[in-house]
Amino acid sequence: MKILTYPSPILTQIAKSVKLPLSSSDLDLVKNMWQTVQGIGVGLAAPQVGASLQLFIVRLSQDKDLAKKLKESDFIVINPKITFYSQNKVSMIEGCLSFPSEYWDIVRSEIIQLEYDTIKNLKEVITKDAKPVYQKSKKLLAKGWLSRVIQHEYDHLSGKVFIKAGGKKLSKKDLANLEDAIID
Ligand SMILES: [Zn+2]
């Protein structure tokens, strides 16, 4: 799938909520997004592929060290609401598939709580065309990279791109020393 780059208008629109169960075209979208993000990023939001819908994919298992620490590293988030942002904030370097080769140092809450709908058997749905089993209003408390990826993707659903998150753009010199960043 083609990933839209800024300033594509859909990237700054508020995405529409998703009806469950997903339609077959929404399911196709999810499958395509799942494949698209593999190997190039750790998260992808529907507006980035031209669908103005409240859903995103997280695929942190591509980072093996990180995946070991997480109970769940690959999942789908549908109709999310961040219900808690910690007062404690941390700085991390972010990239975005919709902004090729831009990296920003952005301060965000260290810990968040997310409430969302999801597909429990997502891997079977993707690989074996299984019928989706939905779980509604799931709660997740996240810190570290997971918290960061969720906040970045969540912003995409409200039309907020990461360069507007009040961070600092990294210079070419900074980039030469860049070792670790998330790209979504
Ligand atoms: Zn992004």
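For the structure, see preceding data.
Residues numbered from 1 in each chain as written. Predicted model: local features only at pLDDT ≥ 70, side-chain atom pairs only at ≥ 80, totals over all residues.

> Just to check I follow, could you spell out the overall build of the protein chain for this structure?
A tally of helices and strands in the protein chain yields five helices and nine strands. Written out in order from the N terminus, the α and β elements of the protein chain read α-β-β-α-β-β-β-β-α-β-α-β-α-β. Its C-alpha atoms give the protein chain a radius of gyration of 16 Å, near enough to 16 Å, the size a compact globule of 184 residues would have. Taken across its 184 residues, the protein chain has 34% of its residues classed as buried. (Helix = DSSP H or I, 4+ residues; strand = E, 2+ residues; numbered from the N terminus. Rg over C-alpha atoms; globule rule 2.2 N^0.38 Å. Buried ≥ 20, exposed ≤ 12 C-beta atoms within 10 Å, placed from the backbone.)

> I'm lost on the pairing of strand β5 (residues 99–109) in this one. Help?
Every other side chain in a regular strand lies on the same face of the sheet, so the side chains alternate between the two faces. In this structure, strand β4 (residues 89–96) lies alongside β5, joined through eight bridges in antiparallel fashion. When the bridges of β5 are listed, V90 appears paired with R108. In sequence, β4 turns back onto β5 through a hairpin of two residues. Where β5 meets strand β8 (residues 168–169), two bridges bridge the pair, whose relative direction is antiparallel. The residue bridging W104 from the neighbouring strand is K169, located in β8. (Pairing = 2+ DSSP bridges.)

> Can you help me understand the sheet that holds β5 in this one?
Two orientations exist for strands paired in a sheet by backbone hydrogen bonds: parallel and antiparallel. The four strands lie next to each other as β8-β5-β4-β9, forming an open sheet whose pairing is mixed. Because the sheet does not close on itself, it has two edges, and the strands there are β8 and β9 (182–183).

> Help me understand the sheet that holds strand β3 (residues 74–85) in this model?
Sheet architecture is open: five strands sit in the order β1-β2-β3-β6-β7, paired in antiparallel fashion. Taken across any chain shown, the strands that pair with only one partner, and hence form the sheet edges, are β1 (43–45) and β7 (134–142). On average, each strand axis in the sheet is tilted by 35 degrees relative to the strand beside it, whichever way the strands run. Inspection of the sheet shows β1 paired to strand β2 (residues 55–59) by three bridges, in the antiparallel sense. Opposite L44, over in β2, you have I57 as the bridge partner. Relative to the sheet, helix α4 (residues 144–157) contacts β1, β2, β3, β6 (112–119) and β7, its axis offset from that of β1 by approximately 15 degrees. (Axes fitted to C-alpha atoms, helices over the stretch in contact; angles between N-to-C directions. Contact = placed C-beta atoms within 7 Å.)

> I tried to follow helix α1 (residues 24–37) on my own but got confused; where do I start?
An α-helical turn contains 3.6 residues, so a residue and the one three or four places further along point in the same direction. Its 14 residues give α1 an end-to-end C-alpha distance of 20 Å, which sits within 8% of 20 Å, the value for a rise of 1.5 Å per residue. Buried-residue contacts for α1 involve β1, β2 and β3. Where α1 terminates, the next one or two residues include G39, which has phi positive at roughly 80 degrees. (Expected span 1.5 Å × (residues − 1).)

> What's the story with the environment of Q13 in this structure? I'm lost.
Looking at the element boundaries, Q13 is found in the segment before α1. Residue classification places Q13 among the partly exposed positions, given that 13 C-beta atoms sit within 10 Å. Measuring from C-alpha to C-alpha, the distance between Q13 and K160 comes to 8.0 Å, with 147 residues separating the pair along the chain.

> Is there a simple way to think about unusual backbone geometry in this case?
In most cases, non-glycine residues show a negative phi, while peptide bonds are predominantly trans. Cis rather than trans, the peptide bond between Y6 and P7 has omega equal to 10 degrees. Mapped onto the secondary structure, P7 falls in the segment before α1. In this model, L20 is joined to P21 through a cis peptide bond whose omega is -5 degrees. For P21, the position within the fold is in the segment before α1. Positive phi outside glycine occurs at S101, with the angle close to 60 degrees. Along the polypeptide, S101 turns up in strand β5. Owing to 6 C-beta atoms within 10 Å, S101 belongs among the exposed residues under this scheme.

> Help me understand the nonpolar core, please; the structure alone is not making it clear to me.
Grouped burial of nonpolar side chains is what soluble globular proteins tend to show. Counting 41 residues, the largest nonpolar core has M33, A46, F56, V58, I76 and V77 as its most contacted members. Every element with two or more residues in this core is listed here: α1, β1, β2, β3, β4, β5, β6 and α4. If you tally residues by element for this core, the top one is α4, at five residues. When neighbours within four sequence positions are excluded, I76 is seen to be in contact with V30, L55, I57, T118, I119 and L122. (Core = buried A, V, L, I, M, F, W, Y, C linked by C-beta atoms within 7 Å.)

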